[in-house]
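Spelled out, the chains give:
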Amino acid sequence: MTKFNINIAICGHVEHGKSTLLGRLLVDLNQVDKSIIRDAENFLTNNPQAKKTNLYSCVVSRSIDEKLYGMTRDISHIRLNLDKDKQITLIDTPGHQAYKNMRSYGIFASEVAILIVSAVEGVQEFTIDSLKLLKSLYTPLACVVITKTDLIDDNEFQISRV
């Protein structure tokens, strides 16, 4: 029997927390082998120059460069098995303009998308670019996730900025 699968693109501006959100989700759902978490912890300990990355994004990042610079350069496919015949494939897409082709491919391969927006920066150039790609590829936007709310003052946050 074929499993039901839905592909969901995770898109948005560079450094708004797309990979971190996915990594956190995977760790919290116990979908990451302990050895991968240990490897990520060791990488961060042994590479203090990796200032723009964190444990959760390291769990999702595939290359050393992505881990060192904290920037997704390629798409990652992460499968979550919901039960024996249902799964979700989350597609982590790059946010930087230099990797627009990879972002386009990730969105094209998806049935629906989740847009990530940082509460600190709000809507940025590549946030808008992601929305334009969604529209041009007829990919519905399921929701907007606002990240980094812990980094701002409660009085500073305005949903209208997002």
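Residues numbered from 1 in each chain as written. Predicted model: local features only at pLDDT ≥ 70, side-chain atom pairs only at ≥ 80, totals over all residues. Heavy atoms only, no water.

Caption draft 1: Fine view of the overall build of the protein chain. Regarding its fold elements, the protein chain presents six helices and five strands. In the protein chain, the order of α-helices and β-strands from amino to carboxyl end is β-α-α-α-α-β-β-α-β-α-β. Counting across all 162 residues of the protein chain, residues that qualify as buried make up 43%. Summarising the internal contacts of the protein chain: among those between residues at least 6 apart in sequence, 67% fall at separations of at least 24. Carbon together with sulfur atoms contributes 52% to the accessible area of the protein chain, which is approximately 9300 Å² in total. (Helix = DSSP H or I, 4+ residues; strand = E, 2+ residues; numbered from the N terminus. Buried < 20%, exposed > 50% of the residue type's maximum accessible area, 1.4 Å probe, protein only. Contact = heavy atoms within 4.5 Å. Areas by Shrake-Rupley, 256 points an atom, 1.4 Å probe, with all protein chains shown as cover.)

Caption draft 2: Main features of the sheet that holds strand β3 (residues 86-92). Overall, mixed pairing links the five strands, which are arranged β2-β3-β1-β4-β5 in an open sheet. In this open sheet, the two strands that pair with only one neighbour each are β2 (76-83) and β5 (141-147). The average angle at which neighbouring strand axes cross in this sheet is 25°, direction not considered. The pairing of strand β4 (residues 112-118) with β5 spans six bridges and is parallel. Within β5, the position partnered with leucine 115 by the bridge is valine 144. (Pairing = 2+ DSSP bridges. Axes fitted to C-alpha atoms, helices over the stretch in contact; angles between N-to-C directions.)

Caption draft 3: Representation of the nonpolar core within the structure. Counting residues in each nonpolar core, the largest one holds 20 residues, and the members touching the most others are Ile8, Ile10 and Leu90. Within the residue set of this core, elements represented by two or more residues are β1 (4-12), α1 (18-28), α2 (34-46), α3 (55-60), β2, β3 and β4. Once you skip the residues sitting within four places of it in the chain, isoleucine 8 turns out to touch Ile88, Thr89, Leu90, Ile91, Ser110, Val112 and Ile114. (Core = buried A, V, L, I, M, F, W, Y, C linked by side-chain atoms within 4.5 Å.)

Caption draft 4: Broad picture of the side chain of aspartate 92. On the secondary structure map, aspartate 92 appears in strand β3. Buried charge aspartate 92 goes without a salt bridge, the closest partner of opposite sign being lysine 18 at 6.1 Å. Within the structure, the side chain of aspartate 92 is placed 2.5 Å from the side chain of serine 19, a separation counted as a polar contact. (Lys, Arg positive; Asp, Glu negative; His and termini not counted. Salt bridge = Lys/Arg side-chain N within 4 Å of Asp/Glu carboxyl O. Polar contact = N/O pair within 3.5 Å; in protein donor to acceptor, adjacent residues only side chain to side chain.)

Caption draft 5: Seen up close, the environment of serine 130. Turning to its location among the elements, serine 130 is positioned in helix α6 (residues 125-136). Among the residues examined, serine 130 registers a relative accessible area of 0% and is labelled buried. Contact partners of serine 130, with chain neighbours within four places excluded, come to Cys11, Gly12, Arg103, Ile107 and Leu115. Within the structure, the side chain of serine 130 is placed 2.9 Å from the backbone oxygen of phenylalanine 126, a separation counted as a polar contact.

Caption draft 6: Representation of the pairing of β2 within the structure. Looking at chain direction, β2 and β3 are connected through seven bridges and run antiparallel. Among the inter-strand pairings, serine 76 is bridged to a residue of β3, identified as aspartate 92. Here β2 hands over to β3 after two residues, the two strands then running antiparallel side by side.

Caption draft 7: Structural context of the confidence of the model for the protein chain. The predicted model of the protein chain averages 84 in pLDDT, with 84% of residues at 70 or higher. Predicted confidence in the protein chain is weakest over helix α4 (residues 64-69), with a mean pLDDT of 68, and strongest over β4, with 95. (pLDDT = per-residue confidence, 0-100.)

Caption draft 8: Summary view of α1. Listed in full, the buried residues belonging to α1 are Lys18, Ser19, Leu22, Gly23, Leu26 and Val27. One face of α1 carries all of its buried residues, which in axial projection span an arc of 155°. Along its buried surface, α1 packs onto β1, α2, α3, β2, β3 and β4. Just past α1, the residue asparagine 30 takes up positive phi, approximately 55°. (Arc of directions from axis to C-beta.)

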